[in-house]
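Commentary on secondary and tertiary structure
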Amino acid sequence: MEKQLSGSAKRKLKRKKELKLADNLKHVPKIAKFFSPNQCPVRKGDENDKIPLSPVVAVETPTVNVSGASTSRQAPTSVEASTEQWDDSQLSKEQEDEQPPHHNKHDESPTEGAETAGSSSPCTTFTLPSDPALWGPLTETLREEAIHRGPAAFHNRASRYPASVRESGLGCRTRSLTNDLFNCRLQNNEDVPREWLLYSPSTGSVYCHACKLLSPQTQKHAFISGFSDWKHSERIGDHERSFEHRRNMLSLIQRSQVGCRVDAALVRQCEAEHRYWTEVLRRVVTVIKFLAARGLAFRGDNELLGSVHNGNYLGTLEVIAHFDPFLKEHLAKHGNKGKGKPSYISSTVCDEFI
(Lines give C-alpha, C1' and ligand atoms only; values in the text may rest on other atoms or scores of the structure.)
Protein backbone atom coordinates (compact mmCIF):
# COMPACT_ATOMS: atom_id res chain seq x y z
CA MET A 1 0.00 0.00 0.00
CA GLU A 2 1.42 3.36 -1.06
CA LYS A 3 2.18 5.91 1.58
CA GLN A 4 -0.13 8.91 1.46
CA LEU A 5 1.58 12.26 1.01
CA SER A 6 1.29 14.91 3.64
CA GLY A 7 -0.36 18.23 3.06
CA SER A 8 2.94 20.05 2.72
CA ALA A 9 4.19 17.51 0.15
CA LYS A 10 1.00 17.87 -1.88
CA ARG A 11 1.33 21.66 -1.94
CA LYS A 12 4.96 21.45 -3.04
CA LEU A 13 4.06 18.99 -5.80
CA LYS A 14 1.19 21.17 -6.97
CA ARG A 15 3.37 24.28 -6.97
CA LYS A 16 6.01 22.42 -8.98
CA LYS A 17 3.42 21.48 -11.62
CA GLU A 18 2.21 25.08 -11.82
CA LEU A 19 5.71 26.41 -12.39
CA LYS A 20 6.37 23.79 -15.06
CA LEU A 21 3.11 24.62 -16.84
CA ALA A 22 3.83 28.36 -16.69
CA ASP A 23 7.28 27.77 -18.18
CA ASN A 24 5.79 25.72 -21.03
CA LEU A 25 3.21 28.42 -21.81
CA LYS A 26 5.98 30.95 -22.36
CA HIS A 27 7.05 29.04 -25.47
CA VAL A 28 3.51 28.73 -26.90
CA PRO A 29 2.97 31.25 -29.76
CA LYS A 30 0.26 33.85 -29.30
CA ILE A 31 -2.80 33.61 -31.50
CA ALA A 32 -2.30 37.21 -32.67
CA LYS A 33 0.86 36.10 -34.54
CA PHE A 34 -1.25 34.11 -36.98
CA PHE A 35 -3.08 37.22 -38.22
CA SER A 36 -1.63 39.84 -40.52
CA PRO A 37 -2.66 43.51 -40.24
CA ASN A 38 -4.61 43.21 -43.52
CA GLN A 39 -6.77 40.36 -42.18
CA CYS A 40 -7.67 42.05 -38.91
CA PRO A 41 -8.15 45.78 -39.49
CA VAL A 42 -8.52 47.72 -36.24
CA ARG A 43 -10.18 51.09 -36.04
CA LYS A 44 -8.95 53.80 -33.81
CA GLY A 45 -12.08 53.64 -31.73
CA ASP A 46 -11.74 49.89 -31.10
CA GLU A 47 -9.01 50.37 -28.52
CA ASN A 48 -11.40 52.31 -26.29
CA ASP A 49 -13.93 49.49 -26.51
CA LYS A 50 -11.66 46.85 -24.98
CA ILE A 51 -12.68 45.62 -21.55
CA PRO A 52 -9.80 45.96 -19.01
CA LEU A 53 -8.49 42.74 -17.53
CA SER A 54 -9.41 41.83 -14.02
CA PRO A 55 -6.57 42.27 -11.47
CA VAL A 56 -7.26 38.78 -10.14
CA VAL A 57 -7.80 36.58 -13.19
CA ALA A 58 -6.51 37.29 -16.69
CA VAL A 59 -9.34 36.08 -18.94
CA GLU A 60 -9.31 36.47 -22.72
CA THR A 61 -11.95 39.06 -23.57
CA PRO A 62 -13.21 39.32 -27.18
CA THR A 63 -14.07 42.81 -28.39
CA VAL A 64 -16.59 42.82 -31.26
CA ASN A 65 -17.51 45.88 -33.25
CA VAL A 66 -21.30 46.00 -33.78
CA SER A 67 -20.98 47.31 -37.34
CA GLY A 68 -19.06 44.19 -38.35
CA ALA A 69 -15.99 46.18 -39.43
CA SER A 70 -13.43 44.45 -37.27
CA THR A 71 -13.02 41.90 -34.49
CA SER A 72 -10.05 41.95 -32.15
CA ARG A 73 -8.99 39.70 -29.29
CA GLN A 74 -6.92 40.60 -26.27
CA ALA A 75 -4.67 37.79 -25.05
CA PRO A 76 -4.02 37.27 -21.32
CA THR A 77 -0.84 38.89 -20.04
CA SER A 78 -0.56 37.85 -16.41
CA VAL A 79 -1.32 34.98 -14.07
CA GLU A 80 -2.41 36.21 -10.68
CA ALA A 81 -5.02 33.95 -9.21
CA SER A 82 -5.59 31.08 -6.90
CA THR A 83 -4.54 27.59 -7.99
CA GLU A 84 -8.02 26.52 -9.11
CA GLN A 85 -8.67 29.67 -11.17
CA TRP A 86 -5.13 29.57 -12.59
CA ASP A 87 -5.59 26.07 -14.02
CA ASP A 88 -8.90 26.96 -15.72
CA SER A 89 -7.57 30.14 -17.33
CA GLN A 90 -4.44 28.44 -18.66
CA LEU A 91 -6.47 25.53 -20.06
CA SER A 92 -8.74 27.91 -21.97
CA LYS A 93 -5.66 29.77 -23.26
CA GLU A 94 -4.11 26.57 -24.58
CA GLN A 95 -7.31 25.72 -26.43
CA GLU A 96 -7.34 29.14 -28.05
CA ASP A 97 -3.69 28.88 -29.11
CA GLU A 98 -4.23 25.49 -30.71
CA GLN A 99 -6.98 26.78 -32.99
CA PRO A 100 -5.81 27.70 -36.52
CA PRO A 101 -6.37 31.25 -37.76
CA HIS A 102 -9.82 31.74 -39.22
CA HIS A 103 -11.01 34.69 -41.21
CA ASN A 104 -14.70 35.27 -40.76
CA LYS A 105 -16.68 36.74 -43.63
CA HIS A 106 -18.93 38.57 -41.15
CA ASP A 107 -15.96 40.68 -40.01
CA GLU A 108 -16.00 42.59 -43.28
CA SER A 109 -17.72 45.92 -43.55
CA PRO A 110 -21.04 46.09 -45.44
CA THR A 111 -19.38 47.97 -48.32
CA GLU A 112 -16.57 45.43 -48.66
CA GLY A 113 -19.05 42.55 -48.53
CA ALA A 114 -21.19 44.10 -51.24
CA GLU A 115 -18.17 44.66 -53.51
CA THR A 116 -16.99 41.10 -53.03
CA ALA A 117 -20.46 39.66 -53.61
CA GLY A 118 -20.99 41.75 -56.68
CA SER A 119 -17.69 40.72 -58.25
CA SER A 120 -17.41 37.03 -57.45
CA SER A 121 -20.79 35.68 -56.32
CA PRO A 122 -23.46 35.74 -59.02
CA CYS A 123 -26.11 34.28 -56.68
CA THR A 124 -26.00 37.15 -54.18
CA THR A 125 -29.37 38.80 -53.56
CA PHE A 126 -29.19 42.57 -53.80
CA THR A 127 -31.64 44.80 -51.94
CA LEU A 128 -32.01 48.47 -52.81
CA PRO A 129 -32.10 50.83 -49.82
CA SER A 130 -35.15 52.99 -49.37
CA ASP A 131 -32.96 56.08 -49.79
CA PRO A 132 -32.57 56.74 -53.56
CA ALA A 133 -29.35 58.68 -52.97
CA LEU A 134 -27.67 55.46 -51.78
CA TRP A 135 -28.51 53.33 -54.80
CA GLY A 136 -25.17 53.67 -56.57
CA PRO A 137 -24.62 52.12 -60.03
CA LEU A 138 -27.77 50.33 -61.16
CA THR A 139 -27.63 46.91 -62.76
CA GLU A 140 -30.49 45.24 -64.60
CA THR A 141 -31.25 43.13 -61.52
CA LEU A 142 -31.52 46.23 -59.34
CA ARG A 143 -33.76 47.93 -61.90
CA GLU A 144 -36.08 44.94 -61.92
CA GLU A 145 -36.24 45.04 -58.14
CA ALA A 146 -37.04 48.76 -58.06
CA ILE A 147 -39.73 48.36 -60.74
CA HIS A 148 -41.25 45.39 -58.92
CA ARG A 149 -41.36 47.19 -55.56
CA GLY A 150 -42.77 50.36 -57.07
CA PRO A 151 -42.02 54.00 -56.24
CA ALA A 152 -44.03 53.87 -53.00
CA ALA A 153 -41.24 51.85 -51.37
CA PHE A 154 -38.84 54.80 -51.81
CA HIS A 155 -41.12 57.79 -51.10
CA ASN A 156 -39.86 58.48 -47.53
CA ARG A 157 -42.75 60.89 -46.95
CA ALA A 158 -43.03 62.72 -43.63
CA SER A 159 -44.66 65.81 -42.17
CA ARG A 160 -41.37 67.74 -42.06
CA TYR A 161 -38.05 67.37 -43.88
CA PRO A 162 -35.23 68.89 -41.79
CA ALA A 163 -32.49 67.53 -44.07
CA SER A 164 -33.86 69.56 -47.00
CA VAL A 165 -33.22 72.95 -45.41
CA ARG A 166 -31.20 75.17 -47.77
CA GLU A 167 -30.00 78.77 -47.43
CA SER A 168 -32.00 81.20 -49.53
CA GLY A 169 -29.20 83.76 -49.82
CA LEU A 170 -31.25 86.42 -48.01
CA GLY A 171 -29.56 86.69 -44.65
CA CYS A 172 -30.69 84.04 -42.17
CA ARG A 173 -33.72 82.94 -44.17
CA THR A 174 -33.89 79.32 -45.32
CA ARG A 175 -36.08 77.23 -47.58
CA SER A 176 -37.06 73.59 -47.26
CA LEU A 177 -39.15 70.90 -48.92
CA THR A 178 -42.88 70.79 -48.19
CA ASN A 179 -45.51 68.19 -48.94
CA ASP A 180 -47.19 70.55 -51.40
CA LEU A 181 -44.47 69.75 -53.93
CA PHE A 182 -45.48 66.08 -53.89
CA ASN A 183 -48.83 66.99 -55.46
CA CYS A 184 -49.60 68.39 -58.90
CA ARG A 185 -52.60 70.65 -59.46
CA LEU A 186 -54.34 70.15 -62.78
CA GLN A 187 -56.24 72.78 -64.75
CA ASN A 188 -59.52 71.63 -63.20
CA ASN A 189 -58.03 72.30 -59.70
CA GLU A 190 -57.68 68.58 -59.00
CA ASP A 191 -54.66 67.54 -56.92
CA VAL A 192 -52.86 64.48 -58.24
CA PRO A 193 -50.00 62.92 -56.21
CA ARG A 194 -46.60 62.77 -57.86
CA GLU A 195 -45.84 59.13 -57.25
CA TRP A 196 -42.64 59.37 -59.27
CA LEU A 197 -41.05 61.92 -56.92
CA LEU A 198 -38.74 60.33 -54.33
CA TYR A 199 -37.17 61.97 -51.27
CA SER A 200 -33.73 61.19 -49.84
CA PRO A 201 -33.44 61.61 -46.05
CA SER A 202 -29.63 61.59 -46.26
CA THR A 203 -29.19 64.41 -48.80
CA GLY A 204 -32.49 66.23 -48.44
CA SER A 205 -33.01 66.16 -52.22
CA VAL A 206 -35.74 64.74 -54.46
CA TYR A 207 -35.29 62.34 -57.37
CA CYS A 208 -37.34 61.16 -60.31
CA HIS A 209 -38.05 57.45 -60.00
CA ALA A 210 -38.45 56.79 -63.73
CA CYS A 211 -35.52 58.92 -64.92
CA LYS A 212 -33.13 57.60 -62.28
CA LEU A 213 -33.90 54.02 -63.32
CA LEU A 214 -34.20 54.25 -67.10
CA SER A 215 -32.20 57.27 -68.23
CA PRO A 216 -28.90 56.55 -70.04
CA GLN A 217 -25.80 56.71 -67.85
CA THR A 218 -24.36 59.48 -69.99
CA GLN A 219 -27.35 61.72 -69.31
CA LYS A 220 -27.21 63.74 -66.11
CA HIS A 221 -29.61 66.32 -64.70
CA ALA A 222 -30.87 67.48 -61.33
CA PHE A 223 -33.64 64.91 -60.98
CA ILE A 224 -31.13 62.07 -61.42
CA SER A 225 -28.35 63.45 -59.20
CA GLY A 226 -30.73 65.19 -56.76
CA PHE A 227 -32.84 68.36 -56.95
CA SER A 228 -32.93 70.77 -53.98
CA ASP A 229 -33.46 74.24 -55.49
CA TRP A 230 -36.62 75.04 -53.53
CA LYS A 231 -36.49 78.68 -54.64
CA HIS A 232 -37.25 77.49 -58.18
CA SER A 233 -39.63 74.66 -57.28
CA GLU A 234 -41.54 75.22 -60.51
CA ARG A 235 -38.81 73.21 -62.22
CA ILE A 236 -40.43 70.07 -60.82
CA GLY A 237 -43.47 70.79 -62.98
CA ASP A 238 -41.23 71.58 -65.96
CA HIS A 239 -39.53 68.23 -65.59
CA GLU A 240 -42.90 66.51 -65.26
CA ARG A 241 -43.95 67.90 -68.63
CA SER A 242 -40.63 67.21 -70.37
CA PHE A 243 -40.33 64.71 -73.21
CA GLU A 244 -37.64 62.68 -71.45
CA HIS A 245 -39.73 62.21 -68.30
CA ARG A 246 -42.80 61.11 -70.26
CA ARG A 247 -40.75 58.65 -72.31
CA ASN A 248 -39.24 57.10 -69.18
CA MET A 249 -42.65 56.91 -67.51
CA LEU A 250 -44.09 55.02 -70.49
CA SER A 251 -41.15 52.61 -70.46
CA LEU A 252 -41.58 52.12 -66.71
CA ILE A 253 -45.29 51.31 -67.11
CA GLN A 254 -44.57 48.82 -69.88
CA ARG A 255 -41.84 47.07 -67.90
CA SER A 256 -44.03 46.89 -64.80
CA GLN A 257 -46.67 44.98 -66.79
CA VAL A 258 -45.81 41.31 -67.12
CA GLY A 259 -47.58 40.93 -70.47
CA CYS A 260 -45.27 43.47 -72.15
CA ARG A 261 -42.03 41.80 -71.06
CA VAL A 262 -39.86 39.51 -73.16
CA ASP A 263 -39.98 36.80 -70.51
CA ALA A 264 -43.76 37.13 -69.99
CA ALA A 265 -44.41 33.44 -70.76
CA LEU A 266 -41.69 32.35 -68.34
CA VAL A 267 -43.02 34.62 -65.59
CA ARG A 268 -46.54 33.26 -66.01
CA GLN A 269 -45.22 29.70 -65.87
CA CYS A 270 -43.28 30.40 -62.66
CA GLU A 271 -46.31 32.00 -61.05
CA ALA A 272 -48.51 29.05 -62.03
CA GLU A 273 -46.00 26.61 -60.52
CA HIS A 274 -45.85 28.69 -57.37
CA ARG A 275 -49.64 28.71 -56.98
CA TYR A 276 -49.86 24.96 -57.68
CA TRP A 277 -47.38 23.87 -55.02
CA THR A 278 -48.78 26.39 -52.55
CA GLU A 279 -52.20 24.72 -52.82
CA VAL A 280 -50.59 21.30 -52.33
CA LEU A 281 -48.79 22.42 -49.18
CA ARG A 282 -51.96 23.99 -47.78
CA ARG A 283 -53.66 20.59 -47.84
CA VAL A 284 -50.61 18.81 -46.45
CA VAL A 285 -50.29 21.23 -43.52
CA THR A 286 -54.00 20.91 -42.75
CA VAL A 287 -53.72 17.11 -42.48
CA ILE A 288 -50.60 17.36 -40.30
CA LYS A 289 -52.31 19.79 -37.92
CA PHE A 290 -55.39 17.54 -37.75
CA LEU A 291 -53.39 14.42 -36.81
CA ALA A 292 -51.02 16.21 -34.42
CA ALA A 293 -53.88 17.88 -32.52
CA ARG A 294 -55.46 14.48 -31.83
CA GLY A 295 -52.21 12.67 -31.06
CA LEU A 296 -52.67 10.13 -33.85
CA ALA A 297 -49.86 8.20 -35.48
CA PHE A 298 -48.69 9.45 -38.88
CA ARG A 299 -46.90 6.54 -40.55
CA GLY A 300 -47.92 3.01 -41.32
CA ASP A 301 -46.15 -0.06 -42.61
CA ASN A 302 -45.48 1.51 -46.04
CA GLU A 303 -45.84 4.78 -47.98
CA LEU A 304 -47.83 3.52 -50.96
CA LEU A 305 -50.99 5.28 -52.05
CA GLY A 306 -53.92 2.89 -52.24
CA SER A 307 -52.53 0.59 -49.55
CA VAL A 308 -54.55 -0.02 -46.39
CA HIS A 309 -51.31 -0.01 -44.36
CA ASN A 310 -49.95 3.39 -45.43
CA GLY A 311 -50.84 5.11 -42.15
CA ASN A 312 -53.13 7.93 -41.08
CA TYR A 313 -51.21 10.66 -42.94
CA LEU A 314 -51.49 9.27 -46.47
CA GLY A 315 -54.87 7.74 -45.69
CA THR A 316 -56.33 11.11 -44.74
CA LEU A 317 -54.96 12.66 -47.93
CA GLU A 318 -56.66 9.91 -49.92
CA VAL A 319 -59.97 10.58 -48.17
CA ILE A 320 -59.76 14.30 -48.98
CA ALA A 321 -58.88 13.46 -52.60
CA HIS A 322 -62.30 11.81 -53.04
CA PHE A 323 -63.93 15.23 -52.65
CA ASP A 324 -61.10 17.46 -53.91
CA PRO A 325 -60.43 17.22 -57.68
CA PHE A 326 -57.18 19.20 -57.35
CA LEU A 327 -55.68 16.84 -54.77
CA LYS A 328 -57.01 13.80 -56.64
CA GLU A 329 -55.23 14.90 -59.80
CA HIS A 330 -52.04 15.63 -57.84
CA LEU A 331 -51.97 12.18 -56.22
CA ALA A 332 -52.60 10.51 -59.55
CA LYS A 333 -49.83 12.51 -61.21
CA HIS A 334 -47.14 12.58 -58.51
CA GLY A 335 -48.04 9.72 -56.15
CA ASN A 336 -45.89 6.56 -55.80
CA LYS A 337 -43.09 8.04 -57.96
CA GLY A 338 -40.30 7.17 -55.54
CA LYS A 339 -37.28 9.23 -54.53
CA GLY A 340 -36.09 12.04 -56.76
CA LYS A 341 -39.60 13.05 -57.87
CA PRO A 342 -41.05 15.99 -55.90
CA SER A 343 -44.55 15.41 -54.60
CA TYR A 344 -44.49 17.17 -51.19
CA ILE A 345 -46.52 14.36 -49.61
CA SER A 346 -43.58 12.20 -48.54
CA SER A 347 -42.65 11.45 -44.95
CA THR A 348 -39.60 13.73 -45.25
CA VAL A 349 -41.77 16.80 -45.91
CA CYS A 350 -44.13 15.69 -43.16
CA ASP A 351 -41.25 15.49 -40.65
CA GLU A 352 -39.99 18.93 -41.68
CA PHE A 353 -43.37 20.51 -40.98
CA ILE A 354 -43.64 18.73 -37.64
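The shown structure was predicted, so the numbers you read here are calculated from the model rather than taken from an experiment.

So, on to helix H5 (residues 140-149). Turning to H5, its buried residues are Leu-142, Arg-143, Glu-145, Ala-146 and Ile-147. Among the structural elements, helix H6 (209-214) and helix H9 (243-256) are those in contact with the buried residues of H5. One or two residues past the end of H5 sits Gly-150, with phi positive at roughly 85°.

Across all of its chains, the model carries 13 salt bridges by this definition. Where Arg-185 meets Asp-191, a salt bridge forms, and the shortest distance between an N and an O atom there is 3.0 Å. On the accessibility criterion, Arg-185 (56% relative accessible area) is exposed. With its nearest N and O atoms 2.6 Å apart, the salt bridge here joins Arg-282 to Glu-279. With a gap of 3 residues between them, Arg-282 and Glu-279 both fall in helix H10 (residues 264-293), about one helical turn apart.

This part covers the packing of aromatic side chains. Enumeration according to the criterion identifies 8 aromatic pairs in this entry. Summarising the aromatic geometry, the rings of Tyr-161 and Phe-182 are spaced 5.9 Å apart at their centres and angled 50° between planes, so their arrangement reads as tilted. Of this pair, Tyr-161 sits in the loop between H5 and strand E3 (166-167) while Phe-182 sits in the loop between strand E4 (174-175) and strand E5 (183-185), and the two are 21 residues apart along the sequence. Overall, Phe-182 belongs to the buried group, its relative accessible area being 2%. Ring geometry for Trp-277 against Tyr-344: centres 5.0 Å apart, planes inclined by 55°, an arrangement best described as tilted. Of this pair, Trp-277 sits in helix H10 while Tyr-344 sits in the loop between helix H12 (325-334) and helix H13 (347-353), placing them 67 residues apart in sequence.

All right, on to the confidence of the model for the chain then. This prediction gives the chain a mean pLDDT of 75; 70% of its residues lie at or above 70. Note on residues 39-124: pLDDT is under 50 here. Beyond four places in sequence and across chains, it has 90 contacts.

A word on the nonpolar core. Grouped together as the largest cluster of nonpolar side chains are 27 residues, with contacts concentrated most on Leu-128, Trp-135, Leu-177, Val-206, Leu-213 and Ile-236. Among the elements that make up this core, the one with the highest residue count is H6 (4 residues). Once residues within four sequence positions are removed from consideration, Leu-177 is found in contact with Tyr-161, Ser-164, Phe-182, Tyr-199, Val-206 and Trp-230. Core analysis: the second largest hydrophobic core is formed by 16 residues, Trp-277, Val-280, Tyr-313 and Leu-327 among them.

Another point: the packing of H10 against helix H11 (residues 311-321). Where H10 contacts H11, the axes come no closer than 10 Å and their chain directions differ by 125°. Considering the angle they form, H10 stands oblique to H11. Relative to H11, H10 is oriented so that their crossing is right-handed. The segment H10 lies against H11, with Arg-283, Val-284, Val-287, Ile-288 and Leu-291 engaging Asn-312, Tyr-313, Thr-316, Leu-317 and Ile-320. Looking at the contact of H10 with H11, its residues break down into 7 nonpolar, 2 polar and 1 charged.

Another aspect to go through is the side chain of Ser-205. Along the polypeptide, Ser-205 turns up in the loop between strand E7 (197-199) and strand E8 (206-208). Classification of Ser-205 as buried rests on a relative accessible area of 7%. Apart from residues no more than four positions distant in its own chain, Ser-205 is found in contact with Arg-166, Leu-198, Tyr-199, Ser-200, Gly-226, Phe-227 and Ser-228.

Orientation of H10 relative to H12, taken along the N-to-C sense of each, is 100°, at an axis distance of 11 Å. In this view, H10 runs roughly perpendicular relative to H12, as classed from their interaxial angle. Here Tyr-276, Trp-277, Glu-279, Val-280 and Arg-283 of H10 come into contact with H12, specifically with Phe-326, Leu-327, His-330 and His-334. Of the residues that constitute the contact of H10 with H12, the class distribution is 5 nonpolar, 2 polar and 2 charged.

Procedures and definitions
- Residues numbered from 1 in each chain as written.
- Predicted model: local features only at pLDDT ≥ 70, side-chain atom pairs only at ≥ 80, totals over all residues.
- Heavy atoms only, no water.
- Buried < 20%, exposed > 50% of the residue type's maximum accessible area, 1.4 Å probe, protein only.
- Helix = DSSP H or I, 4+ residues; strand = E, 2+ residues; numbered from the N terminus.
- Contact = heavy atoms within 4.5 Å.
- Salt bridge = Lys/Arg side-chain N within 4 Å of Asp/Glu carboxyl O.
- Phe/Tyr/Trp six-rings, centres within 6.5 Å; stacked < 30°, edge-to-face > 60°.
- pLDDT = per-residue confidence, 0-100.
- Core = buried A, V, L, I, M, F, W, Y, C linked by side-chain atoms within 4.5 Å.
- Axes fitted to C-alpha atoms, helices over the stretch in contact; angles between N-to-C directions.
- Parallel < 35°, antiparallel > 145°, perpendicular 65-115°, else oblique.
- Left-handed = near helix turned anticlockwise from the far one by under 90°.
- Nonpolar A, V, L, I, M, F, W, Y, C, P; charged D, E, K, R; others polar.

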